[in-house]
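Structure at a glance
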Amino acid sequence: MTLRGLYAITDSQLLAGKLLPYVEAALDGGLTLLQYRDKSNDDARRLREAEALRGLCERYKAHLIINDDAELAARLGVGVHLGQTDGPLTPARALLGRNAIIGSTCHSQIELAEQAAKEGASYVAFGRFFNSSTKPGAPTATLDVLDQARARLNVPICVIGGITLDNAAPLVAHGADLLAVVHGLFGADSAQEVTRRAKAFNTLLSI
Ligand SMILES: Cc1ncc(COP(=O)(O)OP(=O)(O)O)c(N)n1
Ligand SMILES: Cc1nc(C(=O)O)sc1CCOP(=O)(O)O
Ligand SMILES: [Mg+2]
């Protein structure tokens, strides 16, 4: 599967009271992947919201990815994103099957990405590239890791962390396939503006 495009990530605070309309607006503008990221322990709400997002993604032909939680992903038949402390890739692949999208956080370490690719990751994620209000303490990354990744890996490259329409172009020029964005997309004042931003990100990616 070729993975390239805008990768929207939800945020429970930013999208409080407007999760579905803002996500639908982003899907309307064009998403390749949507990640449901909710760090709470409210399992009932997480299941309910993830099911609703799966329905929307099916309608717009985007892929839903669950952050952190391979069990929930298996229950819904969707993909998962795993960080370095979220459990190993191999059992997640066994649980979800060979067609599932499984992403792996690699910070700025090409060795982590090589390992993830070897273990069957569908994409590898590098970041954070800019200041992020969503995750201010995430380790930083620079463009040279993208150059190394392009030269050494044969798996789609995702970038994350403070990405906006104003700073994304160099990431694309250095080989990013997937732009993962929270605030730069969903920080908009209206659903119409979310759609406009999504379309503009796709233009940057030549999609
Ligand atoms: C696409 C993408 N890249 C990186 C992350 C970060 O994952 P992780 O390091 O596990 O941190 P949390 O998001 O779980 O706080 C991500 N979620 N998505
Ligand atoms: C969830 C996450 N992980 C990161 C990493 O670098 O691993 S940065 C990040 C937050 C992304 O949100 P925003 O687009 O608002 O900066
Ligand atoms: Mg995680």
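For the structure, check the block above.
The following paragraphs examine the structure supplied in this document. (Residues numbered from 1 in each chain as written. Chains lettered and ligands numbered in written order. Predicted model: local features only at pLDDT ≥ 70, side-chain atom pairs only at ≥ 80, totals over all residues. Heavy atoms only, no water.)

1. Section: the coordination of the magnesium ion (ligand 3)
For the magnesium ion (ligand 3), the protein coordination sphere consists of Asp68 (OD) and Asp86 (OD), at 2.0 to 2.1 Å. Of the two residues, Asp68 is situated in the loop between β3 (63-67) and α3 (70-76) and Asp86 in the loop between β4 (79-82) and α4 (89-96); the sequence distance between them amounts to 18 residues. Among the residues examined, Asp86 registers a relative accessible area of 28% and is labelled partly exposed. (Donors = N, O, S within 2.8 Å, 3.2 Å for Na, K, Ca; no water. Helix = DSSP H or I, 4+ residues; strand = E, 2+ residues; numbered from the N terminus. Buried < 20%, exposed > 50% of the residue type's maximum accessible area, 1.4 Å probe, protein only.)

2. Regarding the nonpolar core
One finds Leu31, Ile66, Phe126, Leu179, Leu185 and Phe186 to be the most contacted residues of the largest nonpolar core, which totals 62 residues. For this core, the element with the highest residue contribution is helix α1 (residues 19-29), accounting for six residues. The residues touching Ile66, leaving out its near neighbours within four places in the chain, are Tyr36, Ala50, Leu72, Ala73, Leu76, Val78, Gly79, Val80 and His81. Of all hydrophobic cores here, the second largest spans twelve residues; its members include Ile9, Ile65, Cys158 and Val182. (Core = buried A, V, L, I, M, F, W, Y, C linked by side-chain atoms within 4.5 Å. Contact = heavy atoms within 4.5 Å.)

3. Some points on the site of ligand 2
Residues in contact with ligand 2 amount to 13 residues; listed here are only the nearest, Ser132, Thr134, Gly162, Val182 and His183. Contacts to ligand 2 include Val182, whose backbone N or O atom sits 3.0 Å from an oxygen atom. A distance of 3.0 Å separates an oxygen atom of ligand 2 from a polar atom in the backbone of His183. For ligand 2, whose unbound accessible area comes to 420 Å², protein coverage reaches 93%. Residue composition of the shell around ligand 2, by class: four nonpolar, six polar and three charged. (Near = heavy atom within 4 Å. Polar contact = N/O pair within 3.5 Å; in protein donor to acceptor, adjacent residues only side chain to side chain. Areas by Shrake-Rupley, 256 points an atom, 1.4 Å probe, with all protein chains shown as cover. Nonpolar A, V, L, I, M, F, W, Y, C, P; charged D, E, K, R; others polar.)

4. Things to note about the pattern of salt bridges
Close approach of charged atoms allows side chains of opposite charge to pair. Summed over the entire model, instances satisfying the criterion amount to eleven salt bridges. In this structure, the salt-bridge partner of Asp38 is Arg45, at a minimum N-O distance of 2.7 Å. Here Asp38 falls in the buried class, since its relative accessible area comes to 4%. Across the pair Arg150 and Asp177 runs a salt bridge, and its minimum N-O distance is 2.8 Å. Of the two residues, Arg150 is situated in helix α6 (residues 143-152) and Asp177 in the loop between α7 (169-173) and β8 (178-181); the sequence distance between them amounts to 27 residues. Judged by its relative accessible area of 11%, Asp177 is buried. (Salt bridge = Lys/Arg side-chain N within 4 Å of Asp/Glu carboxyl O.)

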